[in-house]
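Results of the structural survey
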Amino acid sequence: MSKILNNLNEALSAVKTGDTVLVGGFGLVGAPLTLIDGLTEKDVKDLTIVSNNLGESGKGLGILLNQNKIKKGIGSYFTSNRDVGDKYQKGEIELELLPQGTLAESMRAGGAGLGGYYTTTGVGTDLAKGKEEREIDGVKYIFEKAIRADVALIRAYKADTLGNLVYYKTARNFNPLMAMAAKTVIVEVDEIVEAGELDPEAIVTPFIYVDGIIKAQQVLTKKGVVNV
Amino acid sequence: MTGTMNKTDMQHLIAERVAQELKGPCAVNLGIGIPTLVAEYMKEDNIYLHTENGLLGVTDVEEEDIDPNLVNAGKLPVGEAVGASFFNSSDSFAMIRGGHVDVAILGALQVDETGLIANWAVPGKNIMGVGGAMDLLVGAKKVFVTMSHTSKDGSPKLLKECTYPITSTRQVDMIFTELAVFEVVDSQLKLVDLMPGATIEEVREKTEAAFTE
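Residues numbered from 1 in each chain as written. Chains lettered and ligands numbered in written order. Predicted model: local features only at pLDDT ≥ 70, side-chain atom pairs only at ≥ 80, totals over all residues.

Remember that side chains alternate between the two faces of the sheet whenever the strand is regular. All names here are of chain A. Here strand 12 (residues 218–221) shows a clear split, with Q218 and L220 buried on one side and none of V219 and T221 buried on the other. In terms of strand pairing, strand 12 meets strand 13 (residues 224–227) through four bridges, oriented antiparallel. Looking at strand 13, one finds that V219 is bridged to V226. (Buried ≥ 20, exposed ≤ 12 C-beta atoms within 10 Å, placed from the backbone. Helix = DSSP H or I, 4+ residues; strand = E, 2+ residues; numbered from the N terminus. Pairing = 2+ DSSP bridges.)

Shown next as structure tokens:
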């Protein structure tokens, strides 16, 4: 069965009301812009979105936020979108702030079948409140739970027809980790090639993690986001 | 003299001073703001810059070569140095948390007299972002802090105790302002250098934290 999807409806069919959805990207770099745009058109709500930031004001995930489709945000840097603070102040969104390395590692752990892990990051700070502390070889650690999700929406540079992925420069960021940590993984790519065309040594995400592939209709250029 | 310095000059003065402390070969992570400017003053060519969004080997980029998918943690366009590599966010923070990055240069809102810093949250305001600050503080072999010596209203930022939430229980190694350079030795601040135009009297007057001279 081919993983190549023909349209956005098909690509987003796995996303249901109440789902936890991982969304790739560091700001707009490496964000699945086409899939996010599709999500703003889809009739879903009460989503828990796991992403480094919730877009920018009125851009990317910021649109979804303004549509009140996000119940909870889990990320490391909501500061990039001032609307998040306003919504939080009004009690319209729950937020869970994690150090950036913890956010990344929690998804890697989730994808690797672990329940969680101990980290030094955050020990003794406000972000450690309520978290188990444990001393290992004389060093204090806190326990961080793994993150798993219903759906991951990610972006890669090229996919082959099997779903093997390669990335482009700093657009990689959280995407390979998110590919590991969700039941259904949908990737948008700049280019789809035949299986065998990607160098096996260069493949970053093996096809085993990937469920669906769609060609990107929106790309980030020097002039901003454009339709292709 | 320092009272009349504009913000940009002050930032460059601090950045230039920090750069003198970097001896290669080493891997250095630069935070947003003054730390980013440090790259302009690095003299040695075997200093490799790490950015937490997934690149070891950051360099500057000419306007015509800007690639929108090649940015640093401040989302500014950068270039790739000879020998650069790309990796995912988990690997990037493994480098940081695992002690493989030699120096992290960060900004701070407050520093206490034992070398603890606050740089991620302000009481009474929504806590909206932490980014990689906590990871860098626990993991980098050395942490350097850059900041203006006082707040906009003139109040000291080097305090007996931070009034803002601390970023880590790990103490930083050096603090650089437009007036002075401090080292943290045995949980105490030690003044090691006065910046051009600064006097010891001015430093004493604008510093609440105890320090040795």
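Opposite the 34 residues of chain B that make contact, chain A presents 39 residues. Of all elements in the fold, only helix 3 (89–97) and helix 4 (133–139) of chain B reach the threshold of two or more residues within the side of chain B that touches chain A. No other element matches the five residues that helix 3 of chain B contributes to the side of chain B that touches chain A. Grouping the constituent residues of the side of chain B that touches chain A by class yields 16 nonpolar, 13 polar and five charged. (Contact = placed C-beta atoms within 7 Å. Nonpolar A, V, L, I, M, F, W, Y, C, P; charged D, E, K, R; others polar.)

Residues and elements named next belong to chain A. The sheet built from three strands is open, its strands ordered 5-7-6 with antiparallel pairing. Single-partner strands in this sheet number two, and they are strand 5 (116–119) and strand 6 (133–136). Across this sheet, the average inter-strand angle for adjacent strands is 40 degrees, counted without regard to direction. Pairing of strand 5 with strand 7 (residues 139–145) involves four bridges; the strand directions are antiparallel. In the strand pairing of strand 7, Y118 is matched with F143. Sheet strands in contact with helix 5 (residues 100–111) are strand 5 and strand 7, and its direction is about 145 degrees off that of strand 5. (Axes fitted to C-alpha atoms, helices over the stretch in contact; angles between N-to-C directions.)

Let us now look at the environment of A:L198. Residues and elements named next belong to chain A. Tracing the backbone through its elements, the reader meets L198 in the loop between strand 10 (182–193) and strand 11 (212–215). Taking C-alpha positions, L198 is 7.0 Å from D160, a pair spaced 38 residues apart along the chain. Setting aside chain neighbours within four positions, we find L198 in contact with K158, D160, N164, V166, V193 and I203.

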